[in-house]
Amino acid sequence: MRRLLPQTLPVWVLLIVIAGLLISQVATLYIVSRDRAVANDEVDLYRLNDRAYSLVQLMHDDTPDQRKLTASGLFNATYALTVSDTPAVTSSIAGDDELAELEDILVGRLSKFGITDARVRRDPASQAANTPGGVVLTKDVGAVERDLLGLAASFAQSDKLTASVRFADGQWLNFTEPNTPVGPILSFDSLPLYSLIAALVVIMSIWSLRRLTAPYRMMETAVNRIGTDLKSPPIAETGSREIRAAAKAVNAMQVRLRDYVEDREHLAAALAHDLRTPLTRMRLRLELLRKSTAREALAHDLADIESIASSVIDFATFEVTEERSERIDFWSLVESIADGFEDVSFDHDGARPRGMICMARPVALKRCVNNLVQNAVTYGKKAHLSLRQSDGTITLVIRDEGPGIPQAQLDQVFGSFVRLEQSRNRQTGGLGLGLTIARNIARAAGGEVHLSNHPGGGLLTELSLPLAA
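Presented here is a report on the structure given in the accompanying data block.

The rules behind the values
Residues numbered from 1 in each chain as written. Predicted model: local features only at pLDDT ≥ 70, side-chain atom pairs only at ≥ 80, totals over all residues. Heavy atoms only, no water. Buried < 20%, exposed > 50% of the residue type's maximum accessible area, 1.4 Å probe, protein only. Helix = DSSP H or I, 4+ residues; strand = E, 2+ residues; numbered from the N terminus. Pairing = 2+ DSSP bridges. Core = buried A, V, L, I, M, F, W, Y, C linked by side-chain atoms within 4.5 Å. Contact = heavy atoms within 4.5 Å. Salt bridge = Lys/Arg side-chain N within 4 Å of Asp/Glu carboxyl O. Phe/Tyr/Trp six-rings, centres within 6.5 Å; stacked < 30°, edge-to-face > 60°. Lys NZ or Arg CZ within 6 Å of the ring centre and 35° of its normal. Axes fitted to C-alpha atoms, helices over the stretch in contact; angles between N-to-C directions. Parallel < 35°, antiparallel > 145°, perpendicular 65-115°, else oblique. Left-handed = near helix turned anticlockwise from the far one by under 90°. Nonpolar A, V, L, I, M, F, W, Y, C, P; charged D, E, K, R; others polar. Polar contact = N/O pair within 3.5 Å; in protein donor to acceptor, adjacent residues only side chain to side chain.

What follows is about the pairing of strand β2 (residues 117-123). Burial of β2 is extensive: 5 of the 7 residues sit out of reach of the surface. Here 7 bridges tie β2 to strand β3 (residues 160-166), and the two strands are oriented antiparallel to one another. Bridged to alanine 118 within β3 is valine 165.

Here's what the structure looks like:
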């Protein structure tokens with residue numbers, strides 16, 4: 001069930017807005033429909049009351065025969081009107097409280113014309129013809145006439161109120177009054193308008209959500225970019241006040257992080273560099289000693305210290321060194337590095353592929369590839385290189401013939417000063433910075449370094465870089 005639910009805040013808010021819109025629309029339509037029904041009922045009772053007054057006022061002084069003659073002249077299918085000795089509404093008990101009150105109103109209002117009794121009942125709609133009087137709609141009928149005929153048909157098919165009013169001489173006046181037809185709230189004419197309003201609300205909600213969530217997206221993009229390259233350009237501080245404040249905070253954080261990292265890198269580089277001076281003096285003094293076992297051991301230790309200092313300087317000055325990115329022929333760069341190792345071979349047959357161009361810092365990228373190849377030769381004896389290009393990415397695959405790395409330690413080897421070979425010999429154990437430097441350089445160029453164990457044995461190193469535009 002959780003997989004079907006939205007995973008982002010904008011989608012949740014949009015669903016809530018749409019749900020609220022639907023609920024409000026349904027509630028509004030229900031309220032309008034109920035109010036229209038109540039209003040129509042009041043209008044129908046008013047029309048019946050008014051018609052009863054007009055008819056009684058017209059006929060109260062006539063003789064019974066004259067009343068029948070007048071009634072026959074006013075009779076039609078929709079507004080039936082008869083005068084008889086018996087009432088059309090036989091029951092003297094009203095069907096509901098509204099009709100009972102209406103009957104009292106009629107008797108009270110018409111008593112001056114000699115009316116002594118009034119009865120009203122509700123009759124269900126009759127299935128009459130679509131148009132009154134048998135009128136057939138044709139193509140030549142105008143819009144106004146068509147609407148009038150349609151309204152007349154609706155009146156003919158609506159519920160009716162039947163009233164019986166007794167004159168002083170005992171004769172009954174019977175007539176019917178059709179109820180006002182209640183048209184549909186939603187129709188083919190009004191549905192496009194409702195749909196348009198709903199679409200505008202959804203579009204405005206999406207636009208508003210994008211505006212509201214813009215700082216979050218900007219911060220996510222900026223933090224990811226800063227995590228890859230601390231020297232990335234700052235965010236433009238434009239837009240609304242909130243967006244400007246968020247951009248300003250992210251830029252300030254980037255500056256502080258860059259200053260913090262550079263301070264420690266300069267410190268490490270300075271310490272490693274300053275070590276070279278006493279090391280040089282120690283080496284000069286060592287040359288004055290006679291050849292002995294102790295002299296050779298001291299010379300070996302000094303070489304190790306110098307190697308450590310050089311590695312630390314390389315690691316510390318990677319971010320500090322200013323170098324611009326350039327378009328690099330990656331095939332040529334890998335080929336030139338492979339030529340410097342005797343135990344490196346290319347697993348490639350056929351013509352040299354073209355178009356393997358990437359954007360990176362030349363010296364840094366060369367150091368990255370050199371570290372990966374040297375790592376494979378040092379720990380895997382031999383290295384087999386292959387290049388491939390797919391989906392806008394260049395991939396360098398390095399497979400060695402060593403024992404590989406335990407699966408649980410594949411990610412640990414990228415840490416600074418992490419060495420799986422625990423000997424004190426720097427020639428076999430290294431300093432544990434080669435892979436760290438290589439991955440940092442690859443990420444700065446928009447790529448990545450992945451390690452895995454080859455099914456046939458040995459370690460598989462993959463360096464992926466994006467193709468230059």
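Past the structure itself, the notes keep going.
Counting 41 residues, the largest nonpolar core has Phe330, Val369, Val373, Leu385, Leu396 and Leu463 as the members making the most contacts within it. At the level of secondary structure, the elements contributing two or more residues to this core comprise α8 (330-338), β7 (357-360), α9 (362-380), β8 (383-390), β9 (393-400), α11 (434-444), β10 (448-453) and β11 (459-466). Sort the elements by how many residues they give to this core and α9 lands first, with 8 residues. Beyond its immediate stretch of four places on either side in the chain, leucine 463 contacts Phe330, Cys368, Val369, Leu372, Ile394, Thr395, Leu396, Ala442, Glu448 and Val449. Core analysis: the next-biggest nonpolar cluster, separate from the first, contains 25 residues, Leu45, Val56, Leu161 and Ala163 among them.

Another point: the pattern of salt bridges. Pairs can form between side chains of opposite charge once their charged atoms are near each other. Overall, the coordinates contain 11 salt bridges when judged by the stated rule. With its nearest N and O atoms 3.5 Å apart, the salt bridge here joins arginine 122 to aspartate 41. Here arginine 122, found in strand β2, pairs with aspartate 41, found in helix α1 (residues 9-59); they are 81 residues apart in sequence, far enough to count as distant. Looking at arginine 122, the relative accessible area reads 34%, which means it is partly exposed. The buried category is assigned to aspartate 41, whose relative accessible area is 19%. Between arginine 121 and aspartate 123 there is a salt bridge whose closest N-O contact spans 2.8 Å. Take arginine 121: its relative accessible area is 31%, and that puts it in the partly exposed class. A cluster of three or more residues bridged by salt bridges with shared partners is formed by Asp41, Asp96, Glu98 and Arg122.

The subject of this paragraph is the packing of aromatic side chains. This structure, assessed with the given rule, holds 1 aromatic pair. Between the NZ or CZ atom of arginine 67 and the centre of the ring of phenylalanine 167, over which it lies, the distance is 4.0 Å. Taking NZ or CZ as reference, arginine 109 lies 4.3 Å from the ring centre of tyrosine 53, over its face.

A word on the sheet that holds strand β1 (residues 81-84). Pairing is antiparallel across the open sheet formed by 4 strands, whose spatial order is β1-β4-β3-β2. The open sheet has two edge strands with one neighbour each: β1 and β2. Here the strands of the sheet are splayed against their neighbours by 15° on average, with no regard to which way each runs. In this fold helix α3 (residues 97-110) packs onto β2 and β3, with an angle of close to 145° to the strand it touches most, β2.

This paragraph deals with the packing of α8 against α9. In contact at an axis separation of 10 Å, α8 and α9 are set at 50° when each is read in the N-to-C sense. Between α8 and α9, the crossing angle belongs to the class labelled oblique. The way α8 lies across α9 gives a crossing that is right-handed. For the pair α8 and α9, the contacting residues are Phe330, Leu333, Val334 and Ile337 in the first and Pro362, Leu365, Lys366, Val369, Asn370 and Val373 in the second. Residues that form the contact of α8 with α9 fall into these classes: 8 nonpolar, 1 polar and 1 charged.

Moving on to the side chain of arginine 119. Inspection of the secondary structure assignment puts arginine 119 in strand β2. Judged by relative accessible area, which is 13%, arginine 119 ranks as buried. At a separation of 3.2 Å, a polar atom in the side chain of arginine 119 contacts the main-chain carbonyl oxygen of valine 89. Side-chain polar atoms of arginine 119 contact the side chain of aspartate 117, separated by 3.3 Å. Those residues in contact with arginine 119, other than ones at most four positions away along the chain, are Pro87, Val89, Thr90, Ser91, Ser92, Glu103, Thr162, Ala163, Ser164 and Trp172.

The subject of this paragraph is the sheet that holds β10. Ordered by their spatial adjacency, 5 strands build an open sheet running β6-β8-β9-β11-β10, and the pairing between neighbours is mixed. Where the open sheet ends on each side, the last strands, each with one partner, are β6 (344-346) and β10. The mean angle between the axes of side-by-side strands here comes to 25°, regardless of whether they run parallel or antiparallel. Bridging between β9 and β11 involves 7 bridges; their strand directions are antiparallel.

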